[in-house]
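# Chain and residue survey
What follows is each chain in one-letter form.
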Amino acid sequence: MAKCLMVMGTSSNVGKSVLCTALCRILAQDGHRVAPFKSQNMSLNSAVTPSGREIGRAQAVQAAACGIPPSEHMNPVLLKPTSHTASQVILKGRVYETKSARAYFTERTGEIWDAVVESFRELERHYDVLVIEGAGSPVEMNLKPRDIANMRTAELADAAVLLVADIDRGGIFASVVGTMHLLTEEERSRVKGIIVNKFRGDPSLFDDGVRMLEAYVGVPVLGVIPYLHEIGIEEEDSVALEEGRYRQPQMRQESQTCLRIAILQLPHLSNFTDFDPLFLEPDVHAYFCLHPNEVVDAHVVILPGSKNTVDDLIWLRANGFEGVLKQKHADGAFIVGICGGYQMLGEEIRDPDGQESMIERIAGLRELPIVTTLAREKTTVLVHGQAEGPFASIPITGYEIHMGETVSGVAHQAFARIKTGADGVWREDGAVSSDGLVMGTYLHGIFDNDVFRHAWLEAVRKRVGSDVHTRSNVTMSVHRSQAMDRLASTVREHLDMHVLYKLLHREVDL
């Protein structure tokens, strides 16, 4: 049986995913066959496995930290919110149902929990160590009897638990002591260490705080992890978009000589990590925006993926973006649509079965000659191929996650020719406008392709007359691997690894 270590948090966004990534990397570096596991995740950032299944982005990142391919068993339950009251339930990588929050909470203890157990057992058979991530807080008392993501999973795995608290947000004593108090005696016995995360400044200044925490809860503090700026690994949750690095540059003189790329922050924005590579490029200012006036000076406007394309298209119109986008196109700016954003750029979106809304037909932005019909079956595939048009012969890879089928009634320039590893059949993807300024594709991860990204940026610079031609040397695979190594090194330095290994080897009683 695999040895299991579980990371829980006093709340959401305390750094559980990042610390699990670090632990996965450390254990892999130390020669262990390690894999991540999160029984239930709620996120609009997802990934596709080699088997064509969909899981949370965080578990795919953690798998990469382990040096293994992602699997649907690493995240058997993925909830993708479609509205304030409903989510699409992804069970072992396939669409299970779209449920209201009430229906999900009352029904999930049956088939859904069985899937969690099956996936855990599958991983347990193939790996020596499992690093398990909890979700939110284990003591949301109104939800606790039906919570499958925290203590119920810890019991399934017979795991030692590390409780993580975010000191940067304040209230660390209340959050740690309160969490421990609300756990049952048996649950408290599983908590073997406290991790203080996101500490700014000299950690010795918190020595008294460490002793006080240990006295209050009777559990050792195993580490005080420093606040890590721009870690360089993909984020799990859209709350990260509140960070300054994702916002519009304000009063930065150098931005006047750089390419400005505005990304619309749609209400149901999905897979915003598609654009991480653009934030790393020299002489490029990429930023997410919520208001049309933030788009006015942009050289490129990107419509990203969406979990509710129809509602987000309505939001886009209601907030005045449609006219601004048409004017930007007329002025020679580039417009790019990814997945749901690509669908919005077409002539029409049809939803005859009410997959996303009660609106059966809605006019698109009419920038590309395509029509999309939302379907019941979801496409989740890894693809590879080559770009077409001005970037012809450039090899590309990516992945598709969508419920729409898009067709064109007129001859058009495709964005790419692609195929999957499963059937090997070549097909066209996406579309490019006749003037080359509007580009749409279903391919998530398109900007991870270094050669394509560099060529596309140079084409944009040339078209807009930029006199800055800094040659990029950013290689995304190298960047992400180095970021994981830096993260692992920092956590090693500040976490008591001796005790952690004692926990894994059961030298500390559970």
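Refer to the structure presented above.
This report concerns the structure included in the present document. Everything numeric here is computed off the predicted structure, so don't read it as measured data. (Residues numbered from 1 in each chain as written. Predicted model: local features only at pLDDT ≥ 70, side-chain atom pairs only at ≥ 80, totals over all residues. Heavy atoms only, no water.)

Right, let's talk about the overall build of the protein for a bit. A count of helices and strands for the protein gives 15 helices and 26 strands. Along the first, second and third principal axes, the C-alpha set of the protein runs to 70 × 50 × 40 Å. The buried share of the protein, taken over its 510 residues, is 56%. Contacts spanning at least 24 positions in sequence make up 73% of the contacts within the protein whose residues lie at least 6 apart. The averaged location of the 67 negative side-chain charges in the protein is 2 Å from the averaged location of its 51 positive side-chain charges. (Helix = DSSP H or I, 4+ residues; strand = E, 2+ residues; numbered from the N terminus. Buried < 20%, exposed > 50% of the residue type's maximum accessible area, 1.4 Å probe, protein only. Contact = heavy atoms within 4.5 Å. Lys, Arg positive; Asp, Glu negative; His and termini not counted. Charge placed at Lys NZ, Arg CZ, Asp CG, Glu CD.)

A few words now on the nonpolar core. Of all hydrophobic cores here, the largest spans 83 residues; its most connected members are Leu130, Val191, Phe206 and Leu495. With 7 residues, helix H1 (residues 16-29) is the single largest residue contributor to this core. Apart from residues no more than four positions distant in its own chain, leucine 130 is found in contact with Ala2, Lys3, Cys4, Leu5, Ala35, Phe120, Leu123 and Glu124. (Core = buried A, V, L, I, M, F, W, Y, C linked by side-chain atoms within 4.5 Å.)

What follows concerns helix H2 (residues 57-66). By the criterion of burial, H2 is predominantly enclosed, with 9 of the 10 residues buried. The set of residues buried in H2 consists of Arg57, Ala58, Gln59, Ala60, Val61, Gln62, Ala63, Ala65 and Cys66. Where H2 ends, the next residue or the one after it, glycine 67, has phi of about 80°, a positive value.

Bringing unusual backbone geometry into the picture now. With a phi close to 50°, lysine 92 is a non-glycine residue in the positive phi region. Checked against the element boundaries, lysine 92 lands in the loop between strand E7 (86-91) and strand E8 (94-100). Unlike most non-glycine residues, lysine 198 shows phi in positive territory, near 65°. The topology assignment puts lysine 198 in strand E11 (residues 191-199).

Let us look at the packing of H1 against helix H14 (residues 476-494). Direction vectors running N to C along H1 and H14 enclose 90°, while the axes themselves pass 8 Å from each other. By the criterion of interaxial angle, the relationship of H1 to H14 is roughly perpendicular. Between H1 and H14, the residues in contact are Val18, Leu19, Thr21, Ala22, Arg25, Ile26 and Gln29 and Ser481, Met484, Asp485, Leu487, Ala488, Val491 and Arg492, respectively. In terms of residue class, the contact of H1 with H14 is made up of 8 nonpolar, 3 polar and 3 charged. (Axes fitted to C-alpha atoms, helices over the stretch in contact; angles between N-to-C directions. Parallel < 35°, antiparallel > 145°, perpendicular 65-115°, else oblique. Nonpolar A, V, L, I, M, F, W, Y, C, P; charged D, E, K, R; others polar.)

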